[in-house]
Amino acid sequence: MKRGKKAQVTIFIIVGVLLITSIMLFFLLKRDVLPGIGEKPEENPGGFLENCIEDKLIEGIKLISSQGGYIGNPLNRTFKFSDEKEYTDISYLCYNQNNYLPCINQEPLLIQHLKAEVKTYILDDVQTCFDNLVLSLDKKGYVIDATYNGFEIEFATKKIIIDIDGKIILTKSDETTSQENLEMILPSRFYDLALVVQEIVNQEARFCHFENLGFMVFYPKFNIERFRTGDGTLIYTAKHIETQEEFKFALRGCVIPPGFW
Amino acid sequence: MKKIEISLLLIVIIQIVLLMNLVPAQSYLINEITPETSKIKKDKLSLIKSGLNLLKILLSIKQIGTVSAFFGDDDSDGNGNGDDPEPIYYCCPETNEGAHCIDLSSPFYGDCAKELQLGTCSQNNCMSCCPENTQGELCQDIPTVHPEQCALNLVPGVCGENCLACCPKIISKDDSNRDDFCIDSSMYHKNCEKSLIYGTCQENNCQIVGLTEPYATFGEDYLLSTVGYSLSLNCCPLTKEGAICQNIIMEDAENCEVFPLPTICDDTSICDVGCCIDEEEGLCTTKATKEKCETGGGTWEDEENCLVPKCQRGCCVLGNNVKFVPDMECVKLSLSGGFEKDFRNLETEIECLALVADIATESCFGDNCTTPEKKDCIDSEGRVRKDGESWCSYEGYIGEGKDTVGSRHWKQSCVDGEIKDEGCADYRGQICVQSEIEEGDLKFSTAACIMNTALQCITYNEEREDMIDLCEEDKACMVQNVNVDSGFKFDICVGRYPRGLDLKGGAASSSKQICSLGSQTCTVVYVKDWKGRWQCQQNCNCRTRTFTEQMNGLCVSLGDCGSYVNYIGEGTDNIRVSNAPGISWEDYEDYADVVEGQFAEPPDMSKYLNSISGTAEGPINLEEETGLQKNVRYLGHIIGGAGILVKGAAALNFLYLAPEAGIGEIFFPNTPFAFTSGSLGAFAGAASGAAIGGMIGVYLAKSLGRTGNAVIAMAIAGAVAGAIIGYAYVTSTALYAAGALTATGWGVVIAIIIMIYIAIIGWGSSMQVKVDFECLPWQAPIGGSDCEICHEDSTKPCTEYKCSSLGQACELLNENEEHPICKSIVYEPNPPVISTGEMLTEGYEFLNEQTKKVEIRKNNGECVQEFTPILFTLKTDEFSQCKYSFEKTSTYEEMTEYGLEQTLSVDNHTFEFRMPSLSHLNVYNVSGDLKESFGNLNMYVRCQDYHGNFNIEEYVVNFCINSEPDITAVANSQTTMIPESGTFLKYGTTQQNLTMLINEPAECKYDIIPGIDYDAMPNSMECNWISGEEDEWLCLTNLNVVDGENKFYIKCKDKPWFDYLETDEERDKYKDRNTNLGDFIYFLYVVERPLTIDYILPTGIKEYGFEPISIELEVKTSGGAENGLSTCFYDWAGNWVLFKESYLGVSKQPGLNLMDGNFDIPIKCEDIAGNVANGSAVFSVTKDSEPPVAVRVFYEVGELKLITNEEAKCYYDLNSCDFDLVNGSSMSLSFSTEHSVEWSVGQTHYIKCKDIWGNENPTCAIKAKLSG
């Protein structure tokens, strides 16, 4: 019985050693990106870039979301909600200057437009981050051959993806590694909100109405508020309840003037 | 001899009587109920004048003839140029001095600002734009070296598409020449009086309206915000604000970043609105403009609501979540989410959501599913409201035309335990409607803000016969019944929830027009009884409070008019009533209280259901589906739309309203102008002595102003005398023969005595009292003590409308914030300072201006010409109301007359005063004092500011009337014709009433032959020159018309009273009467062919693969007034809706979203003459949801042939039926019923097909095993 126990313990030990070894091997083999560079964030280019660009991206998303999808747009309605400290120029995504008539969609390809706006906002910073990464690695003693050809932005549910079209070749101690097309993924509900915004604009342009309460009943993750200003402009605020991310935009259509005409 | 005299006398009497056959008709009129009794007094004189005129005609021999003259403009240019140009070798495109295309020789090369081109400009084909060439052709590119080919100066560069223009009116001295209007021109012509409009006049549909004062209008496209004022709209591709594709009026061209296009945006290639498909993201965008879509990389389709196959939604399953999206979006979502695409053809969002276990408690939208906790709310009345429930909240009494000024409708909803307030459009542009569902103890309400269709209600009054039915059917309308007396009662359709008016802003001036619809005059008729006492005969109740109450009720229901209260119960009186008791706003204070449980009901849904769904009966009966089910299905396509049926329908209401419809003319059934010539002839043909005598009696009674029983008494007395005279004449018995004198003579004497008695005591004399009710725009209370109440409730933000309703001194601040504040303007004790503004009447000026006095005189210092309306403005240094009077008063309140702005507060006040004729005043026994006062007249003006400060000392405007004799005839240029000259009359019209408003009292006649002297004209009009209403001299007649063109030649003769002047001295003083020498030509066109509908589309059966589908209605008309041009409407849910497009008799209405069913949509078309053609669009819509069926397979020339029952694409696989079509091998080049593949012996072809709607065989359509 005792022999049996010893044998059992031995087997456990062997299995344990194998397990630990295999786990170590897994991590060792998995870390095929820049092996031997170390574990610090700046030594993981994807992580480094994410950290570097995150603040600017969030800032840009926040700005664009609060201004109706634009960094700047002359077609806007200046407004301040009670919980805000400053006036914001909220862009019209759908607009008709005439009374009674439905609005004309001002950004038919809204998602494409938002991508372009976000890209414009972080354009310089992405390159700067890339340069900083190269510089950081250079300080670590790597011989670096880096090329940067710009980047693309993709929106998807729950995330924003930045694909850098570039290449980094590192050489240290005769060991060469390379990394192409760095991808950064940032969690965001921006895309989901943009889809809701597009739906609102579509329905307002078509029906002069969006049934926000019905929408919220079906999709309780979103809160849609509508404020009607004195000049008939509607300011919509679409909010993702869980993350509190929101998108504000203005709309002018089917405005009913005082009196009969 | 005596016989001859008697005969002559009788001839004269008969002629007079025959002429006077108006008399009995108008006697009848008096005994009728009409308040239009102003004709009574004029009759006596019109009778005299008509009779005398006829005698003049009979006894005169007039020369009738015309002399016409044409003045030709024989202008000839004979400029010759004998220059022999030097040889030129280089063409200079532009010289230093700015000249274009100049040939330069070698010493002058340096004069060229641009690069020289080898050869002459002619050789280089250097062209310039010629706005108009010598042949009269517009916008022609011609060689610059040949300027002689151009009638105007050449313009550098080629003409391009923006050269052609339409000139509404060219500069000319003659405003009545119709040839000067709607002239095709170029943008470079300098002879246009108005702004040029891009495009030709035909493209702009430039039309000439009116004859005496013609003007041009442009097409049917006009700004909705300026109903009644037709303007051409142009498309601005990009405004300076950055908005794309906005329709603007040309006057706003400066706000356009680029050059406005000459048509509305929908008709341009770049701004046409359709569906933009983003293939990359899989998204569809409605109401997208073409250029913006395509330049961004999208695919544009001409269906603005995206009812195209690619955008049809289905259920996209993404793991545990679902989304109701188009197929292509599902591809993108699946890819980015890392899921395999799972797209299911479910029709509605609710079906899609039902895929997730229990959508009531667990629903998702691109997220992990969670179970949200439902939280109820408790409303202000203590009622528990469920999460998702919505209800209406109001700020006072609603409905019955009693919504208070400043009030707004609110929609409240319970969202996650929190009550959200959402304001409906301010000024009650929207109303909140509520629908309650009760099941056992459970109550659930839904609410929505829908458009307030008060405007539609007003237009129902055009439908005279159906007005009551239409009005009562429409829940937004109500019939306002005014029933004061038998002669003053009418029904009018008004909005149940009156729209608010602009109390202060720029649109405030239109408020008075709206309110003026409620201004009416009731004429009360008094008649003297046989004792000589005045007894009220007609409309007696108009002199009671009932009149004022009912009229104020109408006034208030028109909008913010009349004596009424604001939403906090404070008010003002804004009516003027004469000869009846007044009424106070305080009587309406209770309407500011909210009535618990009161709410507005949603529109009748059944109409909309029928409109959208058609009927399930008839030849096509695919499925037994009710309209309600179809509507649920329809709404199910709208994200968030299903389950909120009432609100969804309310939203649809927006779609199918016709907001572009202008305000219609209001018809008051019992107060039309009673034109009496229809009664002519009622007594014509009377030949017996008794009848003649009776007529004379009536005539005498009328000429003495007697009415009622007195007329009858006189008629009887006259008849007796007439009978005797007639008898005597017929029997050849001399009236004065001694033998006959005894009986007949006494009879005559008695009759005459009776008549004299009646004349002396005045029995039957009538008197009319006009009871005026003037409905004025509502004004806020003086001061600003209540301003801050506006922003006390933080859940209901203050607005401009609310704030301005609380006090005249209230002002809204921080408008760009969620919670603006309403503050009072700082109090100051100073009244407005009045000063002169602008003299709007040409030829007059302000003179001798002092601090508080000014004179108005002609530019040469003379007094104001009689009959001349003087229009001028006075300015105040702050916003204020102004009143005036012609007598001195001590307070502002004592003054009765407002300026043209009425009760509105403005800083530029307009006054109009029409100077009366001194001679007119003199003749009709106006007192000498009045003449004196009019001769040197002071208008006293006071103004009152927001705080109630008014001028203690009046501002004096002094006039004097030029007492020089009137030596001008009636001015044609100041004459208004109703209907306008050139009007088309309905097919089959034989008579037409004409009303002619002239600028001075006169008699008018007409003929159908030109050039006849006034006195020789046979047709007299009925002119009311005795009524004394100086600004309403009108002449009436009934014209006989024939098919085609009818021309009438009219002349007038002023001073109709002149012939009754008693002394030569007076006649010398007023000079002779002035008669028009030239004819005033009036045209009417009777349409020669009826308006007919040639065709209506669609017809038959329309098959589609999805719902709702987009149907285009089309109707073509011909005949009628303008060769088929007409305005067409289709009946949609009981409302006539204007077709969206109309061109050359073809009207189209795209984008009707329909579910499957049978449709019978009534259509009516109307041309400008009022000809109506009716028809119906009868068609069926079927939905093809079945996949193609293989009906035949066979061998043919080495190929396997497959025939399907509908056009389809077919694919095969050689292994099984379980394959995706994208992976299959194609058997079809395009959608077809024939498909083929090479014959391969021994192989089995598993074939699946897909039709054009995307219906695909779930398994094999057919398996074909090929044998030898």
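The notes below deal with the structure included here. Within every chain, residues take consecutive numbers counted from 1 along the sequence as written. Lettering of chains starts at A and numbering of ligands starts at 1, both following the order in which they are written. This being a predicted model, a pLDDT of at least 70 is required before a residue's local features are given, and a value of 80 or more before pairs of side-chain atoms are given or counted; all residues contribute to the totals for chains, interfaces and linings. Excluded from the side-chain calculation are hydrogens and water; included are all heavy atoms of the structure.

Right, let's talk about the overall build of chain A for a bit. Per the secondary structure count, chain A includes five helices and 10 strands. Accessible area is worked out with a 1.4 Å probe on protein chains only. A residue is then buried under 20% of its type maximum, exposed over 50%, and partly exposed in between. Per-residue burial for chain A yields a buried fraction of 53% across its 261 residues. Contact criterion: two residues are considered in contact whenever any of their non-hydrogen atoms come within 4.5 Å of each other. Long-range contacts, defined as pairs at least 24 residues apart, comprise 57% of the intrachain contacts of chain A with a sequence gap of at least 6. Working definition: helices are DSSP H or I runs of at least four residues, strands are E runs of at least two. Numbering for both runs from the N terminus.

Right, let's talk about the overall build of chain B for a bit. Helix and strand counts for chain B stand at 20 helices and 69 strands. In chain B, buried positions account for 50% of the 1268 residues. In chain B, 63% of the contacts between residues at least 6 apart in sequence involve partners at least 24 apart. Accessibility throughout is a Shrake-Rupley quantity obtained with a 1.4 Å probe, and a residue counts as covered only by protein chains that appear here. When the accessible surface of chain B is totalled, it reaches about 58,400 Å², and 50% of it is carbon and sulfur.

To continue, consider the state of the cysteines. Residues and elements named next belong to chain B. By convention in this document, the label disulfide applies to cysteine sulfur atom pairs within 2.5 Å. Taken as a whole and judged by the stated rule, the model has 32 disulfides over all chains. Between Cys-245 and Cys-271 runs a disulfide, and the two sulfur atoms are separated by 2.0 Å. The chirality of the disulfide connecting Cys-245 with Cys-271 is left-handed, given an S-S dihedral of about -75°. Here the residue Cys-245 occupies a position in strand β13 (residues 244-249), and Cys-271 occupies one in the loop between β13 and β14 (273-278), the gap between them amounting to 26 residues. Overall, the relative accessible area of 1% leaves Cys-271 in the buried class.

Moving on, we get to the packing of aromatic side chains. Stacked, tilted and edge-to-face pairs are distinguished by plane angle, under 30 degrees for stacked and over 60 for edge-to-face with tilted covering the rest, among Phe, Tyr and Trp rings (Trp via its six-membered ring) whose centres lie within 6.5 Å. Within the structure shown, the criterion is met by 38 aromatic pairs over all chains. Both rings, one in Phe210(A) and one in Phe215(A), keep their centres 5.6 Å apart while their planes meet at 50°; by these two values the pair is tilted. The exposure classification of Phe210(A) matches that of Phe215(A), with both residues buried. Ring geometry for Tyr397(B) versus Tyr591(B): centroids 5.1 Å apart, planes at 90°, classification edge-to-face. Here the residue Tyr397(B) occupies a position in the loop between β22 (390-393) and β23 (410-415), and Tyr591(B) occupies one in the loop between β33 (575-578) and α11 (605-613), the gap between them amounting to 194 residues. Overall, Tyr591(B) belongs to the partly exposed group, its relative accessible area being 24%.

Because an α-helix packs 3.6 residues into every turn, residues spaced three or four apart end up facing the same way. Along helix α5 (residues 327-337) of chain B, the positions that sit buried rather than exposed are Met328(B), Glu329(B), Cys330(B), Lys332(B), Leu333(B) and Ser334(B). Once α5(B) finishes, Gly338(B) follows within two positions and takes phi at roughly 75°, a positive value.

All right, on to the packing of helix α2 (residues 45-66) of chain A against helix α3 (residues 110-139) of chain A then. All names here are of chain A. Following both chains from N to C, one finds α2 and α3 inclined at 155°, their axes separated by 9 Å at the closest point. Here α2 lies roughly antiparallel to α3, going by the angle between them. Judged by the sense of rotation from one axis to the other, the crossing of α2 with α3 is right-handed. From α2, Pro-45, Phe-48, Leu-49, Cys-52, Ile-53, Lys-56, Leu-57, Glu-59, Gly-60, Ile-61, Leu-63 and Ile-64 reach across to α3, where they touch Leu-114, Glu-117, Val-118, Tyr-121, Ile-122, Asp-125, Val-126, Cys-129, Phe-130, Asn-132, Leu-133 and Ser-136. Looking at side-chain class alone, the contact of α2 with α3 contains 17 nonpolar, three polar and four charged residues. To get an axis, fit a line to the C-alpha atoms, keeping to the stretch in contact for a helix; angles then go from 0 to 180 degrees between the N-to-C directions. Angle categories: roughly parallel below 35 degrees, roughly antiparallel above 145, roughly perpendicular from 65 to 115, and oblique for all the rest. Handedness of a helix crossing follows the sense of rotation of the near helix relative to the far helix, less than a right angle counterclockwise being left-handed and clockwise being right-handed. Polar here means any residue other than Ala, Val, Leu, Ile, Met, Phe, Trp, Tyr, Cys and Pro, which are nonpolar, and Asp, Glu, Lys and Arg, which are charged; Gly is therefore polar.

Contacts between chain B and chain A engage 98 residues on the former and 73 residues on the latter. Here, a salt bridge means any side-chain nitrogen of Lys or Arg that lies within 4 Å of a carboxyl oxygen of Asp or Glu. The tally of links from chain B across to chain A stands at eight salt bridges. One salt bridge connects Glu107(A) with Lys292(B), and the closest N-O pair in it is separated by 3.4 Å. For the purposes of these results, a polar contact is taken to be a pair of N or O atoms within 3.5 Å, where, inside protein, one atom must be able to donate a hydrogen and its partner to accept one; residues adjacent in sequence count only when each atom of the pair is a side-chain atom. Remark: the boundary between chain B and chain A carries 35 residue pairs in polar contact (both at pLDDT 80 or more). The element contributing the most residues to the side of chain B that touches chain A is strand β15 (residues 283-289) of chain B, with seven residues. Counted by class, the side of chain B that touches chain A contains 45 nonpolar, 30 polar and 23 charged residues.

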